[in-house]
Amino acid sequence: MRYDDLAELYDAENEHHAMLQEDVPFFLGQLPRRRHGRQSVLELACGTGRAAIPIAQAGHRVVGIDFDPAMITIAQRKASFVGLTKRELDLRVGDALKLNVRQRFDWVCILFNTFLAFSALEQQDACLETVERHLKPNGRFFMDILQPNVGLLAREKSRDLDPHLFYAPTLGTNVLKTIDVDRDPSRQLEEVTFRYRWHDKNGRAKQRTMKFAMTFLFPRELQLLLERHGLEIESMWGNYDGSALDADSPRMIVRARRAASAR
């Protein structure tokens, strides 16, 4: 999905998510310590560099890819501000479904539910083919998605979810964001609408919306999908406290390795 002129809101609108303070430290905890040397990491759908920048700052060599040029522009600005060079963090516009950077990595990662935005099975296969293409023989794949909430899936519609007021520097005012979801369980699809409301400097009400489709995956389904792309699950957690996945877990956090037969 593309934010375009809403890209400048992305960091501010997501600051309230506690998990975004936890996912990068957890991921870094999976990587070998510095004495084993730096790791090469490919982050798909890196957005504004929220994860790619601290991973590079931790001493690893990172390539970050995003489909949205506006997001990459922001990420490059932030990386430059903290003094990262292109050798340390290489940020590029690219399509995760067609990508070939002609390099293999120790790790490929995709974070913050982004894999679910590939709502068609063909898109999921294409993304995982990209993962296969870029992993070293002993490489690892790390992903993080929501575990389906069966209670929510039983509702055809949800309105005004996660209401959140945040300050948008580019607009110079507070913005109210809410989320609407329309569900079609038979197709495993959710049509998601982000709604942004604010008042301009003259007091006039403004509104913007962004719509996109998401899918949902269950644990066994995810395992089969990864296995058909030569990826064996090493660990699956239910949250960033390291707890095992169970029926009440909010997330499915996966570390998988390239299967011996796929090397």
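Provided above is the structure to which this section pertains.
Because the structure is a prediction, the values reported are computed rather than measured. For every chain, the first residue of the written sequence is number 1, and numbering continues from 1 onward in sequence order. The predicted nature of this model means local features are confined to residues of pLDDT at least 70 and side-chain atom pairs, given and counted, to a pLDDT of 80 or more, with totals for whole chains, interfaces and linings taken over all residues. Here the side-chain values reflect all heavy atoms present in the structure, with hydrogen atoms and water set aside.

Participant: Give me the sheet that holds strand E10 (residues 231–237): which residues, what numbers.
Facilitator: In a beta sheet, neighbouring strands are held together by backbone hydrogen bonds and run either parallel or antiparallel to one another. Taking strand neighbours across the sheet as the criterion, the 7 strands line up as E3-E2-E1-E4-E5-E11-E10 in an open arrangement whose pairing is mixed. Of all the strands in the sheet, just strand E3 (89–93) and E10 have a single pairing partner and so form its edges. Averaged over neighbouring strand pairs, the angle between their axes works out to 20 degrees when direction is ignored. Strand direction decides the pairing type here: E10 and strand E11 (residues 251–258), joined by 6 bridges, are antiparallel. Paired with Leu231 across the strands is Arg258, a residue of E11. Contacts were defined at the residue level, with two residues in contact if any of their heavy atoms lie within 4.5 Å. Throughout, an axis means a line fitted to C-alpha atoms (over the contacting stretch in the case of helices), and angles, computed between N-to-C directions, take values from 0 to 180 degrees. Numbering of helices and strands runs from the N terminus, with a helix taken as a DSSP run of H or I at least four residues long and a strand as a DSSP run of E at least two residues long. Against the sheet, helix H7 (residues 219–227) engages strand E5 (135–146), E10 and E11, with an angle of about 150 degrees to E10. At least two bridges found by DSSP between two strands is the condition for calling them paired.

Participant: Account for the pairing of E5, with residues named and values stated.
Facilitator: Moving residue by residue along a regular strand, the side chains alternate between the two faces of the sheet. For strand E4 (residues 105–110) and E5, the ladder comprises 5 bridges, and the chain directions are parallel. Directly across from Phe105, in E5, lies its bridge partner Leu135. Note on handedness: a crossover is taken as right-handed if, strands pointing away from the viewer, the path from the first strand over the helix to the second is clockwise. Between E4 and its parallel partner E5, the chain crosses via helix H5 (residues 121–134), and the hand of that crossover is right-handed.

Participant: Please provide a residue-by-residue account of the pairing of strand E7 (residues 173–184), values included.
Facilitator: In this sheet, E7 lies alongside strand E6 (residues 157–168) in antiparallel orientation, the contact comprising 8 bridges. Paired with Leu161 across the bridge in E7 is Ile179. The turn linking E6 back onto E7 is made up of 4 residues, and Gly172 within it adopts a positive phi angle of 70 degrees. With 9 bridges joining them, E7 and strand E8 (residues 189–199) adopt antiparallel strand pairing. Bridging across to E8, Thr178 finds its partner in Arg195. Joining the antiparallel neighbours E7 and E8 is a turn of 4 residues, in which Gln188 adopts a positive phi near 55 degrees.

Participant: I'd like a description of the environment of Leu176, backed by residues and values.
Facilitator: Mapping Leu176 onto the fold places it in strand E7. Under the relative-accessibility criterion, Leu176 is labelled partly exposed at 31%. Sequence separation of Leu176 and Asp125 is 51 residues, and the distance between their C-alpha atoms is 36 Å. With near-sequence residues (within four places) excluded, Leu176 lies in contact with His164, Leu165, Arg195, Tyr196 and Arg197. Whether a residue is buried, partly exposed or exposed follows from its accessible area with a 1.4 Å probe, protein chains only, as a fraction of its type maximum: under 20%, in between, or over 50%, in that order.

Participant: Quick rundown of the packing of aromatic side chains? Include the residues and the values.
Facilitator: To pair, rings of Phe, Tyr and Trp, with the six-membered ring standing in for Trp, must have centres within 6.5 Å; the planes then decide the type, stacked if under 30 degrees apart, edge-to-face if over 60, and tilted in the middle. If you walk through the whole model with that rule in mind, you get 8 aromatic pairs. On the basis of an interplanar angle of 80 degrees and a centroid distance of 6.2 Å, the ring pair of Phe115 and Phe118 is categorised as edge-to-face. Each of the two residues, Phe115 as well as Phe118, counts as buried. Taken together through their ring pairs, the aromatic side chains of Phe26, Phe27, Trp107, Phe142, Trp237 and Tyr240 make up a single cluster. Placement of a positive charge over a ring is assigned whenever Lys NZ or Arg CZ falls within 6 Å of the ring centre and within 35 degrees of the normal to the ring plane. In this arrangement the basic side chain of Arg50 is found over the ring face of Phe112, its NZ or CZ atom lying 5.9 Å from the centre.

In short, geometric facts, not functional conclusions.
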